[in-house]
Amino acid sequence: MGLFDFVRDIGRKLFTKDSDANDKIKAEIEASLKGVEGLSVDYDPASGTVKLGGNAADAAALQKAILIAGNTAGVSNVSVTGMNISAEDDTQYYIIKSGDTLSAIAQHFYKDANKYPKIFEANREVIKDANLIFPGQKIRIPAA
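Report on the accompanying structure.

Here is what the cut-offs are and how they apply
Residues numbered from 1 in each chain as written. Predicted model: local features only at pLDDT ≥ 70, side-chain atom pairs only at ≥ 80, totals over all residues. Heavy atoms only, no water. Helix = DSSP H or I, 4+ residues; strand = E, 2+ residues; numbered from the N terminus. Expected span 1.5 Å × (residues − 1). Buried < 20%, exposed > 50% of the residue type's maximum accessible area, 1.4 Å probe, protein only. Arc of directions from axis to C-beta. Contact = heavy atoms within 4.5 Å. Core = buried A, V, L, I, M, F, W, Y, C linked by side-chain atoms within 4.5 Å. Polar contact = N/O pair within 3.5 Å; in protein donor to acceptor, adjacent residues only side chain to side chain. Pairing = 2+ DSSP bridges.

**Comments concerning helix 1 (residues 21-32)**
Item 1. In this model helix 1 runs 16 Å from its N-terminal to its C-terminal C-alpha over 12 residues, within 8% of the 16 Å that 1.5 Å per residue would give.
Item 2. When we look at burial in helix 1, the residues that qualify are Ala21, Ile25, Glu28 and Ile29. Viewed end-on, helix 1 has its buried residues packed into an arc of 95°, placing them on one side of the element. Looking at helix 1, the residues exposed on the side facing more than 90 degrees away from the buried face are Asp23 and Ala31.
Item 3. At its buried positions, helix 1 is contacted by strand 2 (36-44), strand 3 (49-56) and helix 2 (59-70).

**Description of the nonpolar core**
Item 1. Formed by 39 residues in total, the largest nonpolar core has its most connected members in Ile25, Ile29, Val50, Leu52, Val78 and Ile139.
Item 2. Looking at this core, the elements with two or more residues in it are helix 1, strand 2, strand 3, helix 2, strand 4 (77-85), helix 3 (102-110), helix 4 (116-122) and strand 6 (138-141).
Item 3. Residue contributions to this core peak at 7 residues, all from helix 2.
Item 4. Aside from chain neighbours lying at most four places away, what touches valine 50 is Ile25, Val41, Asp42, Tyr43, Ala69, Val75, Asn77, Val78 and Ser79.

**Some words on the side chain of threonine 91**
Item 1. In this fold, threonine 91 is placed in the loop between strand 4 and strand 5 (92-95).
Item 2. A distance of 3.4 Å separates the side chain of threonine 91 from the side chain of glutamine 63, its partner in a polar contact.
Item 3. When residues no more than four places from it in sequence are discounted, the contact partners of threonine 91 are Gln63, Arg140, Ile141 and Pro142.

**Notes on unusual backbone geometry**
Item 1. At lysine 111, a residue that is not glycine, the phi angle is positive and equals roughly 60°.
Item 2. You can see lysine 111 is positioned in the loop between helix 3 and helix 4.

**Quick look at the environment of isoleucine 127**
Item 1. Mapped onto the fold, isoleucine 127 is located in the loop between helix 4 and strand 6.
Item 2. Looking at isoleucine 127, the relative accessible area reads 0%, which means it is buried.
Item 3. Taking C-alpha positions, isoleucine 127 is 14 Å from isoleucine 105, a pair spaced 22 residues apart along the chain.

**Overview of the environment of glycine 54**
Item 1. Relative to the assigned elements, glycine 54 resides in strand 3.
Item 2. Residue glycine 54 is classed as buried on the basis of its relative accessible area of 14%.
Item 3. Residues glycine 54 and asparagine 77, spaced 23 residues apart in sequence, show a C-alpha to C-alpha distance of 17 Å.
Item 4. In this view, glycine 54 contacts Glu37, Gly38, Leu39, Gly82, Met83 and Asn84; residues no more than four positions away in its chain are not counted.

**Some details on the pairing of strand 2**
Item 1. Where strand 2 lies against strand 3, 7 bridges are found, and the strand directions are antiparallel. Across the sheet, residue aspartate 42 finds its bridge partner in strand 3, namely lysine 51.
Item 2. Here strand 2 folds back onto strand 3, and the loop between the two strands holds 4 residues, one of which, glycine 48, carries a positive phi near 75°.

Below you can see the structure in the form of structure tokens.
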């Protein structure tokens, strides 16, 4: 794991001043997620890159921290070279396209549209309502 790309002008608007970005992104990750200790956030406004540091309890915690940071307006990349993780897994990522639904994405990845709750649960930190996803949003697709 290293650098993850996101669409810079899509996502939740967490900060209005670049000087607030580190604290606001960190607060959002900590409020939404357990499993990352010693979290540090370093936002570079020129490149739109967020560098995350700390210790992730597992791969899911790290992936969720990446998605929370990356699905923030103003962020184009998330670097996790400063993160320590105890284990990796085979989770995939998907960028939502116009017309997508979680059911259609589940059908594509799992060959079963009724498995959409698995995708929703894996992305609760960035998807608050299963019916409200938007093009350009990046989500996790957990292993079947």
